[in-house]
Amino acid sequence: MTIKDVAGRAGVSTATASRVLSGHPSTSPAARTAVEQAVADLGFRPNAQARSLRRTTTQTLGLLLPDIRNPFFADLAHAVEQRARDFGYLTLFGNANESVEQQDRYFDVMLSQRVDGLIAAPQGDRASLAGILGSGLPTVFVDRVIDGADVPSISPDNRTGIHEAVEHLLGLGHRRIGYIAGPQSTSTGRERLRAYQEAISGTAADDDGDLVHVGDFQAASGAAGAHALLDLADPPTAVLAADSLMSIGAIGVCNKRGVAIGADLAFVGYDDIEAFALLNPALTVIAHDVDAMGRGAVEMLVAVIAGEAAESRVLPSRLIVRGSTMDSPKGPSA
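Being a predicted model, the structure only gives us computed values, none of them experimental.

Caption draft 1: A look at the overall build of the protein. Looking only at helices and strands, the protein has 13 helices and 12 strands in total. Overall, the C-alpha framework of the protein stretches about 80 × 35 × 35 Å when taken along its three principal axes. Looking at the protein as a whole, 51% of its 334 residues are labelled buried. Relative to all contacts within the protein whose residues are 6 or more apart in sequence, the contacts with residues 24 or more apart total 71%.

Written out as structure tokens, the structure reads:
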């Protein structure tokens, strides 16, 4: 008789049955009752050696990222993996693809693999993260946070860099500053849009709702945002995109439409990924230290695993000025 027989009798997955039998906290009362009853009915006796192995540390950490195609998160993953190795941990990666459902599936797999702790850039809200928050698994949030969740986090200052970018563009004479925002279901999307709105409020900049296009941190939404802004009867002379993938999508549209960045249109991107410095002209960006964020997340999680208190941290952001922001506004001609 195997645990698969127990799971079938209880009407739960094998992974759920395994978690109940190993005493893992991320199981519902109903599931525990069903599995315990199935064990009694079948006379199942778990192998003592297997139970002992399940109670030992696996020396693995889980890392749940929103989109591994995003160069920022690729850099973050590298920083996490390298610092985790310093502590003797291997890292299991999960790509949520900006999807709560996919995030949940990867989390379930990581629980079944008995990771010792989890680093996550979370999707959704507190309710949609009930499984993670109620699992008892040592967890640290990175880059993004969840309102009301009692989870230590290390995240960027989403305000300062945006304010510096808007002030820089205003200083160059731009008054119509378009903004391609991230999804409002994420803390980064909300905080960066709020920072943009604060930065233009009370200034000479046009406070025009048509100058804001809400995307989803995907390249296609950056492209859609660029089309929408350039098609306005009075298009912006400068554009600010709220993440690297949306910046890439928007830049591609400008190139296809013959809008010369740095000459016809000032452009500020987000995240100082290597490719942005290699463009011609090089891209002005809002940057924060992704390596420090990744390393800090691992150090914080190791402390949580050890039962120590961990304080959330906010890392500074800054504007790096390059050739994509011009001296005076001309406006796109296409």
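Caption draft 2: Seen up close, the side chain of Gln103. As for its placement among the helices and strands, Gln103 is situated in helix 6 (residues 100-112). Residue classification places Gln103 among the buried residues on the basis of a relative accessible area of 1%. There is a polar contact of 2.8 Å between the side chain of Gln103 and the backbone nitrogen of Gln123.

Caption draft 3: Focus on helix 3 (residues 29-42). In a regular helix each residue adds 1.5 Å, so 14 residues correspond to 20 Å; helix 3 covers 20 Å between its end C-alpha atoms and thus fits that length. By the burial criterion, the buried members of helix 3 are Ala31, Val35, Ala38 and Val39. Along the long axis of helix 3, the arc covered by the buried residues comes to 100°, so they all point the same way. Exposed residues pointing more than 90 degrees away from the buried face of helix 3 are listed as Pro29, Ala30, Thr33 and Ala40.

Caption draft 4: Here's a closer look at the packing of helix 10 (residues 219-230) against helix 11 (residues 244-256). The contact between helix 10 and helix 11 brings their axes to 6 Å, and the two run at 45°. Considering their axes alone, helix 10 and helix 11 lie oblique with respect to each other. Here the hand of the crossing between helix 10 and helix 11 comes out right-handed. Contacts from Ala219, Ser221, Gly222, Ala223, Ala226, His227 and Leu230 in helix 10 reach Leu245, Met246, Gly249, Ala250, Val253 and Cys254 in helix 11. The class makeup of the residues in the contact of helix 10 with helix 11 is 9 nonpolar, 4 polar and no charged.

Caption draft 5: Fine view of unusual backbone geometry. Between Asn280 and the following residue, Pro281, the backbone shows a cis peptide bond with an omega angle of 5°. Mapped onto the elements of the fold, Pro281 is located in the loop between helix 12 (274-278) and strand 10 (284-288). Despite not being glycine, Gln59 shows a phi value in the positive range, around 55°. Locating Gln59 in the fold gives a position in the loop between helix 4 (48-55) and strand 1 (60-65). The phi torsion at Arg114 lies on the positive side, around 60°, for a residue other than glycine. As for its placement among the helices and strands, Arg114 is situated in the loop between helix 6 and strand 3 (117-120).

Caption draft 6: Quick peek at the sheet that holds strand 2 (residues 90-95). Strand order in the open sheet formed by 6 strands is 2-1-3-4-5-11, with parallel pairing between adjacent strands. Each of the sheet's edge strands pairs with one partner strand only, and the pair in question is strand 2 and strand 11 (313-315). Adjacent strand axes in the sheet meet at a mean angle of 15° when their direction is disregarded. The strands that helix 6 touches are strand 1, strand 2 and strand 3; relative to strand 2, the one it contacts most, it runs at about 155°.

Caption draft 7: Region of interest: the side chain of Asp67. By the secondary structure assignment, Asp67 is in the loop between strand 1 and helix 5 (71-86). A distance of 3.2 Å separates the side chain of Asp67 from the side chain of Gln218, its partner in a polar contact. Residues within four places of Asp67 in sequence aside, it is in contact with Phe73, Asn95, Asn97, Gln218 and Leu245.

Caption draft 8: Just helix 1 (residues 3-10), in detail. Val6, Ala7 and Ala10 are the residues of helix 1 that are buried. The arc that holds every buried residue of helix 1, seen down its axis, measures 100°, which confines them to one face. Opposite the buried face of helix 1, at more than 90 degrees from it, the exposed residues are Lys4 and Gly8. Just past helix 1, the residue Gly11 takes up positive phi, approximately 75°.

Thresholds, definitions, all that
- Residues numbered from 1 in each chain as written.
- Predicted model: local features only at pLDDT ≥ 70, side-chain atom pairs only at ≥ 80, totals over all residues.
- Heavy atoms only, no water.
- Helix = DSSP H or I, 4+ residues; strand = E, 2+ residues; numbered from the N terminus.
- Buried < 20%, exposed > 50% of the residue type's maximum accessible area, 1.4 Å probe, protein only.
- Contact = heavy atoms within 4.5 Å.
- Polar contact = N/O pair within 3.5 Å; in protein donor to acceptor, adjacent residues only side chain to side chain.
- Expected span 1.5 Å × (residues − 1).
- Arc of directions from axis to C-beta.
- Axes fitted to C-alpha atoms, helices over the stretch in contact; angles between N-to-C directions.
- Parallel < 35°, antiparallel > 145°, perpendicular 65-115°, else oblique.
- Left-handed = near helix turned anticlockwise from the far one by under 90°.
- Nonpolar A, V, L, I, M, F, W, Y, C, P; charged D, E, K, R; others polar.
- Pairing = 2+ DSSP bridges.

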